[in-house]
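Here are the chains, one letter per residue:
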Amino acid sequence: MTATRPLHILVLNGANLNLLGKREPEIYGYQTLYDIEQDLTNIAKKHSTNITFYQSNSESALIDKIHHHGLLTGIDEEKIDAVIINPAGFTHTSVVLRDALLAINKPFVEVHLSNVHSREPFRHHSYFSDKAEAVICGLGAMGYTSALNYLLQKFAK
């Protein structure tokens, strides 16, 4: 981030998060992904922050989005300063998505709607947590706003 350019945060959502509010709402909540994006947009506007949202069920599409916004040279308004990511099922499987985040060398916050540690044992391992600046799980949609507020404070210093 430079003095002439506002903070820009990329919010990435992995597989099945397009079904929020419909798929297992007793676990993931009743808010839709659109609802969450609107909440984050309102917070970002108050802080003159740019925010880009992207959801895909495809691992390669998420990687391409990370590369596009994280490694840009020349399109200043599309460059990102940080990432909020809910990798969803890719949390437990995707070394290449982890590598893409590490390649861009930007801070990222890992978010999960449910408390992954109180669920099935395979959900307890994340390929992202050891490199994330913070990991937020179990707060539902509030996890996203917590991640955004954390990054806003981090970059305000």
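Calculation criteria
Residues numbered from 1 in each chain as written. Predicted model: local features only at pLDDT ≥ 70, side-chain atom pairs only at ≥ 80, totals over all residues. Heavy atoms only, no water. Helix = DSSP H or I, 4+ residues; strand = E, 2+ residues; numbered from the N terminus. Buried < 20%, exposed > 50% of the residue type's maximum accessible area, 1.4 Å probe, protein only. Pairing = 2+ DSSP bridges. pLDDT = per-residue confidence, 0-100. Axes fitted to C-alpha atoms, helices over the stretch in contact; angles between N-to-C directions. Parallel < 35°, antiparallel > 145°, perpendicular 65-115°, else oblique. Left-handed = near helix turned anticlockwise from the far one by under 90°. Contact = heavy atoms within 4.5 Å. Nonpolar A, V, L, I, M, F, W, Y, C, P; charged D, E, K, R; others polar.

**Q** Mind showing me how you'd approach the environment of His47 here?
**A** By the secondary structure assignment, His47 is in the loop between α2 (33-46) and β2 (50-55). Take His47: its relative accessible area is 46%, and that puts it in the partly exposed class. A C-alpha to C-alpha distance of 9.2 Å links His47 and Pro6, two positions 41 residues apart in sequence.

**Q** How should the pairing of strand β1 (residues 8-13) be read in this particular structure?
**A** Looking along a regular strand, one sees side chains alternate from face to face of the sheet. For β1, a buried count of six out of six residues is recorded, marking the element as mostly surrounded by other parts of the structure. Here β1 shows two buried faces, one formed by His8, Leu10 and Leu12 and the other by Ile9, Val11 and Asn13. Here β1 pairs with β2 via six bridges, running parallel. Among the inter-strand pairings, Ile9 is bridged to a residue of β2, identified as Ile51.

**Q** Before we go on, may I ask you to explain the confidence of the model for the protein in this structure?
**A** Taken over all residues, the pLDDT of the protein has a mean of 90, while the share at 70 or more is 92%. No element of the protein has a lower mean pLDDT than helix α1 (residues 25-28), at 75, and none a higher one than strand β3 (residues 82-86), at 98.

**Q** Which parts of the structure should I look at to understand the packing of α2 against helix α5 (residues 142-156)?
**A** Packed helix pairs are specified by the crossing angle of their axes together with the interaxial distance, meaning the distance between the axes. Taken N-terminus to C-terminus, the directions of α2 and α5 make an angle of 25°; their axes are 10 Å apart at the nearest point. Taken as axis vectors, α2 and α5 run roughly parallel relative to one another. As α2 runs across α5, the sense of the crossing is right-handed. Counting all contacts with α2, which are made through Ile36, Asp39, Leu40, Ile43 and Ala44, the residues of α5 involved are Tyr144, Thr145, Leu148, Asn149 and Leu152. Partitioning the contact of α2 with α5 into residue classes produces seven nonpolar, two polar and one charged.

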